Amino acid sequence: MNINKYVFLDLDGVLNHSNWYNNPERIELKYTLGELESDYDPTCISHLNHIIDKVPDVKIVLTSTWRLSTSKDLDKYGNYPEGIITALMNAGLKCNIYGSTPSVQNRRDVEIMDFIYNDSTDPYVFVILDDDDFYSNSVHSEVLAPRFIQTNYFESGLTMENANAVIDLLKWQGE
């Protein structure tokens with residue numbers, strides 16, 4: 001049985017964190033990889049790649065406001081023909097991005113539900129990775145909150161503990 005497995009991914013606070021911006025390694029990466037690529041903590045990227053290694057058929061769907069950036073918006077950072085996806089791949093992400101949520105009322109909870117309703121086929125399972133909780137008080141909280149893993153913007157971004165929790169939630173429990 002083919003099961004669609006989605007990770008709805010925010011970027012800021014998941015693939016970086018405030019401690020990363022003060023890290024000397026980031027400054028070095030800025031000159032070797034590029035300004036935009038240096039925004040992503042290699043440890044957080046490694047944790048996302050761990051998910052991809054363990055669940056190779058996972059589909060990464062961007063929910064971050066960065067998803068709306070065009071290559072022209074990103075020109076000041078360098079050459080990004082595929083927009084933010086190019087920067088993520090340059091920063092070491094092992095898979096291409098499957099897609100992004102639509103822009104609906106600037107509400108991630110509604111955008112995720114819209115994506116699931118319009119773009120997924122049964123059976124499916126999903127996880128939301130975000131540092132902000134748009135899901136616990138949502139009208140869709142019954143569906144979204146149990147599938148939400150909150151990262152810490154101030155300290156660590158995506159941890160290995162978070163990554164393993166994602167892997168566990170992506171295990172299909174159906175028949």
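Details of the structure are given in the entry above.
In this report, the structure presented in the accompanying data block is examined.

Analysis parameters
- Residues numbered from 1 in each chain as written.
- Predicted model: local features only at pLDDT ≥ 70, side-chain atom pairs only at ≥ 80, totals over all residues.
- Heavy atoms only, no water.
- Helix = DSSP H or I, 4+ residues; strand = E, 2+ residues; numbered from the N terminus.
- Contact = heavy atoms within 4.5 Å.
- Polar contact = N/O pair within 3.5 Å; in protein donor to acceptor, adjacent residues only side chain to side chain.
- Buried < 20%, exposed > 50% of the residue type's maximum accessible area, 1.4 Å probe, protein only.
- Pairing = 2+ DSSP bridges.
- Expected span 1.5 Å × (residues − 1).
- Salt bridge = Lys/Arg side-chain N within 4 Å of Asp/Glu carboxyl O.

**With respect to the environment of R147**
Along the chain, R147 falls in the loop between α6 (141-144) and β5 (148-150). As a C-alpha pair, R147 and K59 span 88 residues in sequence and 15 Å in three-dimensional space. Ignoring any residue separated from it by four or fewer positions in sequence, one finds R147 in contact with V125, F126, V127, I128, L169 and L170. Of note is the side chain of R147, whose polar atom sits 2.8 Å from the backbone oxygen of F126. Polar side-chain contacts of R147 include one of 2.4 Å to the backbone oxygen of L169.

**Re the side chain of R108**
For R108, the location among the structural elements is in helix α5 (residues 108-119). Here the side chain of R108 touches T63 through a polar contact of 3.4 Å, landing on its backbone oxygen. For R108, the contacting residues outside a window of four places in its chain are D10, T63, S64, T65, D130, F134 and Y135.

**Looking at the pairing of strand β4 (residues 124-130)**
Taken across its 7 residues, β4 has 6 buried, putting it largely inside the fold. Sheet topology note: the strand β1 (residues 4-9)/β4 ladder contains 6 bridges and is parallel. Counted as the bridge partner of V7 is V127 from β4. Note that β4 and β5 share 3 bridges and pair parallel. Residue pairing in the sheet places I128 in a bridge with F148 of β5.

**Describing helix α3 (residues 42-54)**
For α3, built from 13 residues, the straight-helix expectation of 18 Å at 1.5 Å per residue is met to within 8% by its first-to-last C-alpha distance of 18 Å. All of the buried residues along α3 are C44, I45, H47, L48, N49, H50, I51 and I52. Of the surrounding elements, those touching the buried residues of α3 are β1, β2 (58-62), β4 and α7 (160-169). The residue sitting at the N-terminus of α3 and contributing the capping side-chain oxygen is D41; that oxygen lies 2.8 Å from the backbone nitrogen of T43.

**What about the pattern of salt bridges?**
For the structure shown, the criterion picks out 8 salt bridges. With a shortest N-O distance of 2.8 Å, R26 and D39 are connected by a salt bridge. Note that R26 is positioned in helix α2 (residues 24-32) and D39 in the loop between α2 and α3, a separation of 13 residues in sequence. Taking the relative accessible area as the measure of exposure, R26 reaches 12% and is therefore buried. By relative accessible area, which is 11% here, D39 ends up buried. Across the pair D168 and K171 runs a salt bridge whose closest N-O atoms are separated by 3.4 Å.

**As for the environment of N4**
Counting through the fold element by element, N4 comes out in strand β1. The spatial distance from the C-alpha of N4 to the C-alpha of V104 is 23 Å, given a sequence separation of 100 residues. Those residues in contact with N4 that lie beyond four places of it in its chain are K59, T121, P123, Y124 and V125. A polar side-chain atom of N4 sits 2.5 Å from a polar atom in the side chain of K59.

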